Amino acid sequence: MIEEEFNFLLITMDEVVRGEEEAAQELLPGFRFFPTEEELISFYLHNQLQGRRREIHRVIPVLDIYSIEPFNLSRYSGERCRREREQWFFFVKQQDREARGGRPNRTTSSGSGYWKATGSPGYVYSSDNRVIGLKKTMVFYKGKAPTGTKTKWKMNEYKAIQDHQTSSSSTPELRHEFSLCRIYVVSGSFRAFDRRPLEVCN
């Protein structure tokens, strides 16, 4: 079902994205990109980890988001999110220092700010109540750590678990090669991310 929706999404992109101005006129409100957390992990992230469906990069590109200020990330987003004002999605490759057991560098290249984890990581569950991934929330701070100023920019970092676990009671083992990150700005109104809006307006 998710794969059928993705194929339809690509067809829609081919029909809609024909240059920036033309696409802006033809883009229908019902075709905005609102994946659930289960879809992000089970379809998009798993396909990225397995090296399948390279066309998903048209929707979620690979990018070193930590080196770029969050307010500039929208220009690097996929075709379906380029005009989105609510959220943007990126695959992030594991850093070399992280692969060697160190902590990832989450400071922008310009040194203007940094991402800091907030709260405790939580598991993401499938519709049939299986653990399929781990979600970590981060906040962007302007300035130098640890005395930066908190901003309204936030991130959900998703990591998938190994397909095969040695025991159902064991702690899930994570896949670290790539993570999937959702970048968004905290607004005054609340809408649960993991539910598609009943009505989408321009």
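Residues numbered from 1 in each chain as written. Predicted model: local features only at pLDDT ≥ 70, side-chain atom pairs only at ≥ 80, totals over all residues. Heavy atoms only, no water.

Caption draft 1: Local environment of the overall build of the protein. For the protein, the count of helices and strands is four helices and five strands. Split into buried and exposed, the 202 residues of the protein put 41% on the buried side. Excluding contacts between residues fewer than 6 apart, the proportion of contacts in the protein whose partners are at least 24 apart in sequence is 64%. Carbon and sulfur atoms make up 48% of the accessible area of the protein, which amounts to about 11,800 Å² in all. (Helix = DSSP H or I, 4+ residues; strand = E, 2+ residues; numbered from the N terminus. Buried < 20%, exposed > 50% of the residue type's maximum accessible area, 1.4 Å probe, protein only. Contact = heavy atoms within 4.5 Å. Areas by Shrake-Rupley, 256 points an atom, 1.4 Å probe, with all protein chains shown as cover.)

Caption draft 2: Up close: the packing of aromatic side chains. A full pass over the atoms with the stated rule returns four aromatic pairs. Centroid distance Trp88 to Trp153: 5.9 Å. Interplanar angle 35 degrees. Geometry classified as tilted. With Trp88 in strand S1 (residues 87-93) and Trp153 in strand S4 (residues 149-160), this pair connects stretches of sequence that are 65 residues apart. Of the two residues, Trp88 and Trp153, neither departs from the other in class, the shared state being buried. Ring centres of Tyr114 and Tyr141 lie 5.5 Å apart, and the angle between their planes is 10 degrees; this geometry places the pair in the stacked category. Placement of the pair is Tyr114 in strand S2 (residues 113-125) and Tyr141 in strand S3 (residues 131-142), with a sequence separation of 27 residues. Each member of the pair, Tyr114 as well as Tyr141, is classed as buried. (Phe/Tyr/Trp six-rings, centres within 6.5 Å; stacked < 30°, edge-to-face > 60°.)

Caption draft 3: How the structure looks around the nonpolar core. Grouped together as the largest cluster of nonpolar side chains are 34 residues, with contacts concentrated most on Tyr44, Ile60, Ile65, Leu180 and Ile183. Looking at this core, the elements with two or more residues in it are helix H3 (37-49), S1, S2, S3, S4 and strand S5 (178-185). A per-element tally of this core places H3 first, with six residues. (Core = buried A, V, L, I, M, F, W, Y, C linked by side-chain atoms within 4.5 Å.)

Caption draft 4: Quick peek at the environment of Gly148. Its place among the elements puts Gly148 in the loop between S3 and S4. Separated by 34 residues in the primary sequence, Gly148 and Tyr114 place their C-alpha atoms 8.1 Å from one another. In this view, Gly148 contacts Tyr114, Tyr141, Lys142 and Gly143; residues no more than four positions away in its chain are not counted.

Caption draft 5: Just the pairing of S5, in detail. Burial analysis of S5 places seven of its eight residues in the buried class, the great majority of the element. Where S1 lies against S5, seven bridges are found, and the strand directions are antiparallel. Looking across to S5, one finds that Gln87 is bridged to Tyr184. (Pairing = 2+ DSSP bridges.)

Caption draft 6: Representation of the confidence of the model for the protein in the model. Averaged over all residues, the pLDDT of the protein is 80; the fraction at 70 or higher stands at 74%. Here residues 15-30 scores under 50 on pLDDT; set against residues more than four positions off or in separate chains, the count is 16 contacts. (pLDDT = per-residue confidence, 0-100.)

Caption draft 7: Region of the structure containing empty space enclosed by the protein. Inspection of every chain in the model, using the stated rule, returns one cavity of 30 Å³ or more. Each pocket or cavity is described by its volume, and for the largest cavity that value is around 80 Å³. If you go around the largest cavity, the residues you meet are Tyr66, Val92, Lys93, Gln94, Gln95, Glu98, Pro104, Arg106, Glu157, Lys159, His176 and Ser179. Taken together, the elements giving at least two residues each to the lining of the largest cavity come down to S1 and S4. Looking at the lining of the largest cavity residue by residue, the classes come out as three nonpolar, four polar and five charged. (1 Å grid on protein atoms, 1.4 Å probe; cavity = no way out; pocket = protein on both sides within 12 Å on 5 of 7 lines; lining within 4 Å. Points joined across faces, edges and corners; volume = space filled by probe spheres on them. Nonpolar A, V, L, I, M, F, W, Y, C, P; charged D, E, K, R; others polar.)

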